[in-house]
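Fold and geometry: a report
Spelled out, the chains give:
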Amino acid sequence: MTALPEVRTADQDAPRSLAARPAGADRTFRGIARGGGTGVLLIMTLVGGFLLYQGYRALETRGFEFVTTEAWDPNSGEFGIAAVMAGTFFIALTAITIAIPLSIGTALYISEYAPPGIQRSLIALVDLMAAIPSVVYGLWGLFLLQPVILPLSQWIATYFGWIPILSVSDFDPQDPLASPTVFTSSTFIAGIVVALMISPIASSIMREVFSQAPLGEREGALALGSTRWGMIRAVVFPFGMGGMIGGMMLGLGRALGETIAVYLIISPVFVIQPRVLEKGANSISALIALRYSEASAFEMSALMAAGLALFLVTLVVNFGASMVIARSRSGAGAEG
Amino acid sequence: MTETTTTDEAHAPAPMPEASADVADTTVVIGHVTVHPPLRPPSTFKPSTAAHRTKLPPPPDSTAAPEPRRSIGRLRLSDVIRLFGALAAAVALTWWIFTQLLPLEGPLGFIVVAYGLFLVFFATLVSLDDSGPAVRDRVMSALVHSIAALMLLALAVVIIFTVVRGLDALPHLNFFTQDMGAAGPLDPLSVGGILHAVVGTLIMITIALLISVPLGILCALFLTEVPGAYARFVRTIVEAMTALPSIVAGLFIYATVVLLLGFDRSGFAAALAITVMMLPIIIRSADVVLRLVPGNLKEASFALGSSQWRTVWNVTLPTARSGLTTAIILGTARGIGETSPVLLTAGMTTYFNANPFSGPMISLPLATFSFVRSPEPTMIARGFGTAVVLMVLVLLLFILARVIGGRGPGRLSPRQHRRRAAASRADVQRYAIRRHARLSTASSALAAGGVDPVSDDEPRRTTGEENG
């Protein structure tokens with residue numbers, strides 16, 4: 001009897017594996033590349049590992065109170081990150097609130113409104129803005145913005161002071177001689193400066209995503225009689241939603257870790273102070289920059305623990321951001 | 001049966017009666033085949049298919065730019081009139097409010113109020129003629145334009161303000177040739193300078209680049225060339241690390257190098273901190289660039305029989321060179337501008353120190369930071385001067401990145417085009433010379449052997465049968 005070969009139908013016919021076993025130089029190359037990857041991974045894990053190792057002494061002493069205590073006095077044993085962590089978030093949230101309209105508007109302008117001739121230069125300018133060192137932004141905020149912004153702070157406090165976060169405790173709107181110094185060094189000013197630093201990054205991610213909105217859908221919307229803004233709302237925004245959220249979260253990650261500009265502007269307080277217009281703010285990175293130089297061994301350990309907390313928070317925010325960007329329909333090209 | 005014999009006859013000098021088992025004969029056959037590699041396709045195909053051939057659309061030209069977006073912007077005269085009308089009305093009303101009505105003051109308040117009024121007036125003017133969607137379109141358009149203008153204005157103000165304030169210190173030549181060792185806090189600007197910070201920055205960034213460029217490109221190659229679950233994991237970690245707070249990078253090096261290993265704060269420690277900060281940035285953008293290398297280039301290389309390593313070295317890396325350079329330069333710009341990692345690890349000094357392994361060092365951003373913390377106006381002026389030097393450095397790097405980069409992988413600059421065309425011409429010449437030499441040796445060998453050269457159509461017939 002003739003043995004017939006087994007008949008394979010289309011769905012059984014799996015593609016054969018073509019993988020070749022690398023040999024010789026290739027194996028060496030792959031080994032070295034893998035080593036490089038592992039080395040980088042090792043460095044990145046060591047960052048968290050060493051902060052934990054050095055900060056363990058402080059964490060062990062304080063236990064859970066490390067998260068709930070506002071004061072920072074490690075040498076008397078009374079310290080925690082409640083105030084600085086809250087301050088970090090207040091500054092970052094203020095910055096994000098300002099940066100959201102700024103970056104979306106800029107990204108929309110470059111991708112939708114700008115004449116094609118100047119688009120490339122605008123993109124380059126925004127990228128340049130992202131490359132300006134943070135200390136320069138700090139100088140600008142400290143020497144130029146702060147004196148100019150005080151009347152605006154005062155105006156907001158006068159007319160919107162009934163909103164709790166916009167109130168200022170020592171400020172009486174009826175007093176014509178009230179000094180504007182209660183408005184200096186506030187979370188608000190630090191937030192504006194940080195917003196200017198993160199807007200270019202967020203806006204370049206958004207611009208990339210906006211410009212990838214499909215041409216057919218755009219022209220379809222316009223052909224149906226939509227205005228340009230109607231087309232943006234119906235096509236560009238739904239398409240770019242993931243990129244918008246992801247870009248903002250990346251910006252938030254940068255805002256949480258910003259050190260020098262914040263350090264130059266704020267005057268540190270160690271209470272949870274949610275009144276953004278009022279003098280006095282704090283952030284973890286500014287605390288580390290402020291205290292590291294004359295820290296005792298134990299305070300250094302406490303600072304390491306605070307750094308670890310900042311590290312974990314930014315890590316979570318960044319993971320969230322890349323997950324949102326990757327999941328969105330438009331995520332493939334969103335490389336920040 | 002006859003077909004196979006002829007094929008054998010042409011390729012291997014088998015001991016057949018008609019083929020002379022002569023060495024010279026073999027050389028001619030092989031030489032002949034090599035000289036005319038693209039043999040004619042079998043002629044029997046030609047007449048039958050030409051009549052019924054399906055007209056295929058031309059393949060899409062992959063080098064052509066994608067379909068351009070049509071510009072839908074039209075500026076109408078009525079828009080311009082409305083715009084300026086609303087602007088004039090807003091400024092006038094704000095001026096009246098500020099001077100006559102309410103106790104408001106400050107230029108910033110004026111602009112804010114005027115802008116709000118402008119939007120209101122503009123919407124009202126448009127709504128006189130147009131319907132709701134058109135009004136919303138015009139108002140949003142005005143809003144988007146002004147936000148973009150605000151952003152560019154902010155950039156311009158940041159740069160111009162720093163430069164103007166830095167002009168006090170910059171004209172003094174000693175600012176670039178001295179360190180601050182001899183200058184006290186009250187000394188005028190004609191004493192002291194930032195040479196130590198410039199040198200410190202250059203040393204630190206050089207060390208950081210020496211470590212982070214090979215390691216970063218190796219890691220990016222690993223991510224793209226050795227794909228798998230492990231590479232995906234590394235990529236996730238690296239992407240999460242791109243926004244690693246720079247002060248945490250400094251803290252990490254402080255915890256390991258200074259506290260654990262017991263070294264002093266030095267330029268080398270600061271360079272390590274900058275490396276930790278720059279590494280994820282370089283890896284991420286290099287990874288993106290390497291993934292853009294067209295797959296058909298790599299596959300062509302594999303199909304020619306080269307190993308993966310040769311492909312990476314001869315195809316992938318040269319193709320991505322301009323993108324990789326841009327990635328490195330932009331990473332360098334970030335690394336140069338960061339203050340906080342250096343703040344924790346470099347120590348601070350006012351003296352010139354060119355040895356990164358001993359003694360404290362200072363970098364440009366750190367010098368700026370320490371200058372402006374002083375209350376003295378001369379120190380603050382020096383701080384702004386340092387900031388300008390730093391910005392110029394970053395700007396130069398940025399322009400360099402734009403000049404080198406900005407081109408997709410495989411796209412060549414005009415000069416590269418010329419160079420490649422010249423190389424190609426040289427190759428053609430080389431082949432021609434070699435062919436000539438081979439033919440002349442072959443014919444001289446034949447003349448010596450006294451055998452007629454193989455007739456021209458024999459190999460062709462052979463291959464025609466092979467293909468058919």
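Residues numbered from 1 in each chain as written. Chains lettered and ligands numbered in written order. Predicted model: local features only at pLDDT ≥ 70, side-chain atom pairs only at ≥ 80, totals over all residues. Heavy atoms only, no water.

Next up on the list: the overall build of chain B. Broken down by element type, chain B carries 19 helices and zero strands. For chain B, the proportion of its 468 residues judged to be buried stands at 41%. Working note: accessible area of chain B is about 25400 Å², and carbon and sulfur atoms make up 67% of it. (Helix = DSSP H or I, 4+ residues; strand = E, 2+ residues; numbered from the N terminus. Buried < 20%, exposed > 50% of the residue type's maximum accessible area, 1.4 Å probe, protein only. Areas by Shrake-Rupley, 256 points an atom, 1.4 Å probe, with all protein chains shown as cover.)

The next point concerns the overall build of chain A. For chain A, the helix and strand inventory stands at eleven helices and two strands. Starting at the N terminus, the α and β elements of chain A follow one another as α-α-β-β-α-α-α-α-α-α-α-α-α. Expressed as a percentage of its 336 residues, the buried residues of chain A come to 54%. Considering only residue pairs separated by 6 or more positions, chain A has 73% of its internal contacts joining residues 24 or more positions apart. On chain A, roughly 14700 Å² of surface is accessible, and the fraction owed to carbon and sulfur atoms is 64%. (Contact = heavy atoms within 4.5 Å.)

Enumeration over the complete set of coordinates arrives at 18 aromatic pairs over all chains. Consider the rings of phenylalanine 118 of chain B and phenylalanine 122 of chain B, whose centres lie 5.8 Å apart with planes at 20 degrees: the pair is stacked. Here phenylalanine 118 of chain B and its partner phenylalanine 122 of chain B are both found in helix H5 (residues 107–129), four residues apart, which amounts to about one turn of the helix. There is no split in this pair, since phenylalanine 118 of chain B and phenylalanine 122 of chain B are both buried. An aromatic cluster of at least three residues, connected via ring pairs, comprises Phe66, Trp72, Phe79 and Phe298 of chain A. Of note, arginine 62 of chain A hangs over the ring of phenylalanine 79 of chain A, and the distance from its end group to the ring centre comes to 5.5 Å. (Phe/Tyr/Trp six-rings, centres within 6.5 Å; stacked < 30°, edge-to-face > 60°. Lys NZ or Arg CZ within 6 Å of the ring centre and 35° of its normal.)

What follows covers the interface of chain B and chain A. The interface of chain B with chain A comprises 94 residues on the first partner and 88 residues on the second. Counting each side, the surface lost to burial between chain B and chain A is near 8400 Å², with a carbon and sulfur contribution of 78%. Area buried by chain B at its contact with chain A is led by Arg69, Met151 and Leu251 of chain B, which between them contribute 9% of it. Run the count over chain B and chain A and you get seven residue pairs in polar contact (both at pLDDT 80 or more). When residues of the side of chain B that touches chain A are assigned to their parent elements, the largest contribution, 21 residues, is made by helix H6 (residues 132–166) of chain B. Residue composition of the side of chain B that touches chain A, by class: 64 nonpolar, 15 polar and 15 charged. (Buried area = accessible area lost by both parts, 1.4 Å probe. Polar contact = N/O pair within 3.5 Å; in protein donor to acceptor, adjacent residues only side chain to side chain. Nonpolar A, V, L, I, M, F, W, Y, C, P; charged D, E, K, R; others polar.)

With that settled, the discussion passes to the pattern of salt bridges. Applying the stated criterion across every chain yields a total of 15 salt bridges over all chains. Between glutamate 208 of chain A and arginine 207 of chain A there is a salt bridge, with the nearest N and O atoms lying 3.9 Å from each other. The residue arginine 284 of chain B makes a salt bridge to glutamate 239 of chain B at a minimum N-O spacing of 3.8 Å. Here glutamate 239 of chain B lies in helix H9 (residues 229–241) and arginine 284 of chain B lies in helix H11 (residues 267–291), a separation of 45 residues in the sequence. Like arginine 284 of chain B, the residue glutamate 239 of chain B is buried in the burial classification. Taken together, the shared-partner salt bridges in this structure form one network comprising Asp79, Arg82, Asp129, Asp130, Asp137 and Arg138 of chain B. (Salt bridge = Lys/Arg side-chain N within 4 Å of Asp/Glu carboxyl O.)

Our focus in this paragraph is the side chain of asparagine 353 of chain B. Take asparagine 353 of chain B: it is sitting in the loop between helix H15 (340–345) and helix H16 (364–372). A distance of 2.8 Å separates a polar atom in the side chain of asparagine 353 of chain B from the backbone oxygen of proline 360 of chain B.

With that out of the way, let us pick up a nonpolar patch on the surface. Together, Tyr53 of chain A together with Leu260, Leu261 and Phe263 of chain B line one region of the surface with nonpolar side chains, adding up to about 460 Å² of accessible area. On the secondary structure map, leucine 261 of chain B appears in the loop between helix H10 (246–260) and H11. A residue is classified by how much of its surface remains accessible, and leucine 261 of chain B, at 56% relative accessible area, is exposed. (Patch = residues over 30% accessible without salt bridge, like charges linked within 9 Å, V, L, I, M, F, W, Y side chains within 5 Å.)

Residue and element names in this part refer to chain A. The interhelical angle for the contact between helix H3 (residues 82–113) and helix H8 (residues 228–257), taken along N-to-C directions, is 145 degrees, at an axis separation of 9 Å. Taken as a pair, H3 and H8 cross one another with a handedness that is right-handed. Residue-level contacts link Thr88, Phe89, Ala92, Ile96, Ala99, Ile100, Ser103, Ile104, Leu108, Glu112 and Tyr113 of H3 to Arg228, Trp229, Met231, Ile232, Val236, Phe237, Met244, Met248, Gly251, Leu252, Ala255 and Leu256 of H8. Its residues placed into classes, the contact of H3 with H8 shows 18 nonpolar, three polar and two charged. (Axes fitted to C-alpha atoms, helices over the stretch in contact; angles between N-to-C directions. Left-handed = near helix turned anticlockwise from the far one by under 90°.)

Residues and elements named next belong to chain A. Mapped onto the elements, phenylalanine 270 comes out in the loop between helix H9 (260–265) and helix H10 (284–291). Phenylalanine 270 gets classed as partly exposed once you look at its relative accessible area, which sits at 22%. Taking the C-alpha atoms as reference points, phenylalanine 270 and alanine 281, eleven residues apart in sequence, are found 8.1 Å from one another. Beyond its immediate sequence surroundings of up to four residues, phenylalanine 270 is in contact with Glu70, Ala71, Trp72, Ala83, Val84, Asn282, Leu287 and Arg291.

Turning our eyes to something else, we now look at the packing of helix H4 (residues 77–101) of chain B against H5 of chain B. Residues and elements named next belong to chain B. For the pair H4 and H5, interaxial distance at closest approach is 7 Å and the crossing angle is 140 degrees. Comparing the axis directions of H4 and H5 gives the class oblique. Judged by the sense of rotation from one axis to the other, the crossing of H4 with H5 is right-handed. (Parallel < 35°, antiparallel > 145°, perpendicular 65-115°, else oblique.)

To continue, consider a positive patch on the surface. All names here are of chain B. A surface patch of like charges, here positive, comprises Arg321, Arg415, Arg418, Arg419 and Arg420. The element best represented in the positive patch is helix H18 (residues 414–449), accounting for four residues. Note on placement: arginine 321 falls in helix H14 (residues 321–337). (Lys, Arg positive; Asp, Glu negative; His and termini not counted. Charge placed at Lys NZ, Arg CZ, Asp CG, Glu CD.)

This part is about H14 of chain B. For an α-helix the count is 3.6 residues per turn, leaving residues at separations of three or four pointing the same way. Taking 1.5 Å per residue, 17 residues should reach 24 Å; H14 of chain B reaches 25 Å between its end C-alpha atoms and fits that length. Buried residues dominate H14 of chain B, accounting for 13 of its 17 residues. (Expected span 1.5 Å × (residues − 1).)

The subject of this paragraph is the nonpolar core. In terms of nonpolar packing, the biggest core is built from 203 residues, with Trp72, Leu277 and Phe311 of chain A touching the most fellow members. Looking at which element gives the most residues to this core, the answer is H11 of chain B, with 15 residues. Looking at which domains feed residues into this core, each of domain 1 (77–166) and domain 2 (195–411) of chain B supplies at least three. With near-sequence residues (within four places) excluded, leucine 277 of chain A lies in contact with Ser153, Ile156, Ala157, Ile165, Leu166, Val168, Val182, Phe183, Ser186 and Phe188 of chain A. (Core = buried A, V, L, I, M, F, W, Y, C linked by side-chain atoms within 4.5 Å. Domains from an automatic or database assignment.)

All names here are of chain B. Within the secondary structure, glutamate 338 sits in the loop between H14 and H15. For the buried glutamate 338, no salt bridge exists, and the shortest N-O distance to an oppositely charged side chain is 4.1 Å, to arginine 334. Among the polar contacts listed, one links the side chain of glutamate 338 to the side chain of serine 246, at a separation of 3.1 Å.

Another aspect to go through is the confidence of the model for chain A. Averaged over all residues, the pLDDT of chain A equals 83, while 90% of them reach at least 70. Overall, residues 330–336 of chain A carries pLDDT values under 50, and its contacts beyond four positions in sequence, including any with other chains, amount to 17 contacts. (pLDDT = per-residue confidence, 0-100.)

Next up on the list: H9 of chain B. Between its terminal C-alpha atoms H9 of chain B stretches 19 Å, which fits the 18 Å expected from 13 residues at 1.5 Å a residue. All of the buried residues in H9 of chain B are Ala231, Val234, Arg235, Ile237, Val238, Glu239, Ala240 and Met241 of chain B. Contact partners of the buried residues in H9 of chain B: helix H1 (25–62) and helix H11 (297–327) of chain A together with helix H8 (195–225) and H11 of chain B.

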